[in-house]
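Structural features, examined
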Amino acid sequence: MTGIGSSFDPDRIEALRRGPVATPSGGGRAVEGWLRAGIAISAFVVALYAIELVDVISPAQLDRAGIEPREADGLDGILWAPLLHADWAHLMANTLPLLVLGFLVLLSGIGRGLAATAIIWVIAGVGTWLTGSAGVHLGASSLVFGWLTYLICRGWFARNVGQILLGVVIFAIYGSMLWGVLPSDPRISWQGHLFGAVGGVVAGWVLSGDERRRRRGIPDGRAVPTR
C-alpha cells in the first residue's frame, strides 16, 4: 500500500496513478518530452487560429464572450477570454511568444505545465474581472505574461540552477514585455497582463512546493511503502 502526501505535483501524481511502467533511456525521455511539448503548444495555437477563423466567417461574434469587468454576465468570459482575439493582427502578435514560452513551460512536464496554465488563467481572469476598465477584455497575452513570470521565477523558488539560468535567458529576451503590466494604450488590457504575471509567480511558488520542502528537510509527499 502507498500513501500520497499533500504535495501538488501533477506529473508525479499521474505517474503514481499509472504504477510502474517501462521507461525509455534518458535521451529517449528528453526527445519524447520535446515532442509532447511541441505538439501540445502547436495544437493550442492552431486551435486559436481556428477559433478566430470561425469568428471572422460566422455571425456568431465570439469576441463578445470575453471578460466584462464587474458584470455578472461577463464572469464566464474568464473561461473564454484567452481563446479569443480582436482580429488577426492581435492573434499574430501573440503567436510567437505563445509558441516559445508555452513550449518551455510544457517542457518541464505536460501535467505541471497545464497546472501552471490553469493557475495563470484563473488569476488573470478574476483579476481582470475585478479591476478591468469598461469594455470586453480578451486575448491570450494574459497567458504570455503568466508563462513569462513563471519561467523567470520558478527556478529561484526551487533553487534549481538550470531553471534559474533559463529564467535569466528568458528575461534577457522577453523581459522588456513586463512594461506591459503598466497602464499605457487604453485599447490594451494591461490588467490582463498584470494579473497574468501575478498568476505566473503564484504558479511558480505553488508548483515548486516539493523542492522547497526538501530544502527544509520536510518529506515531500512521495509515495512510501507502509505496512
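The structure displayed is predicted, hence computed values, not measured ones. (Residues numbered from 1 in each chain as written. Predicted model: local features only at pLDDT ≥ 70, side-chain atom pairs only at ≥ 80, totals over all residues. Heavy atoms only, no water.)

**Things to note about the environment of Pro82**
To keep it simple, the criterion reads: Put simply, DSSP marks the helices as runs of H or I at least four residues long and the strands as runs of E at least two long, and each gets a number from the N terminus on. Only protein chains enter the area calculation, which uses a 1.4 Å probe; residues under 20% of their type maximum are buried, those over 50% are exposed, and those in between are partly exposed. Contacts: residue pairs with any heavy atoms within 4.5 Å of one another.
Along the polypeptide, Pro82 turns up in the loop between α3 (77-80) and α4 (88-107). Classification of Pro82 as buried rests on a relative accessible area of 4%. Each C-alpha atom, one on Pro82 and one on Ile67, is 9.6 Å from the other, the two residues being 15 residues apart in sequence. In this view, Pro82 contacts Leu48, Trp121, Gly139, Ala140, Ser142 and Leu143; residues no more than four positions away in its chain are not counted.

**Re the UniProt feature "transmembrane region" (unreviewed entry) in the protein chain**
Selection criterion: UniProt positions are given in the numbering used here, feature names are shortened, and annotations may be inferred rather than shown by experiment.
In the UniProt entry, the feature "transmembrane region" (unreviewed entry) is given for residues 33-51, 138-157, 164-182 and 188-207. The annotated region residues 188-207 carries 85% helix and 0% strand content, and the separation between its end C-alpha atoms amounts to 30 Å.

**Considerations on the packing of α4 against helix α6 (residues 141-158)**
The test is simple: Each axis is a line fitted through C-alpha atoms, taken for helices only over the stretch in contact, and angles between the N-to-C directions span 0 to 180 degrees. Angles below 35 degrees are treated as roughly parallel, those above 145 as roughly antiparallel, those between 65 and 115 as roughly perpendicular, and all remaining angles as oblique. Left-handed describes a crossing whose near helix is turned anticlockwise from the far helix by less than a right angle; the clockwise case is right-handed.
At a minimum axis distance of 9 Å, the contact between α4 and α6 shows a crossing angle of 40°. Of the possible angle classes, the one that applies to α4 and α6 is oblique. Relative to α6, the crossing made by α4 is left-handed. Between α4 and α6, the residues in contact are Asn94, Pro97, Leu98, Leu101, Gly102, Leu104 and Val105 and Ser141, Val144, Trp147, Leu148, Tyr150, Leu151 and Arg154, respectively.

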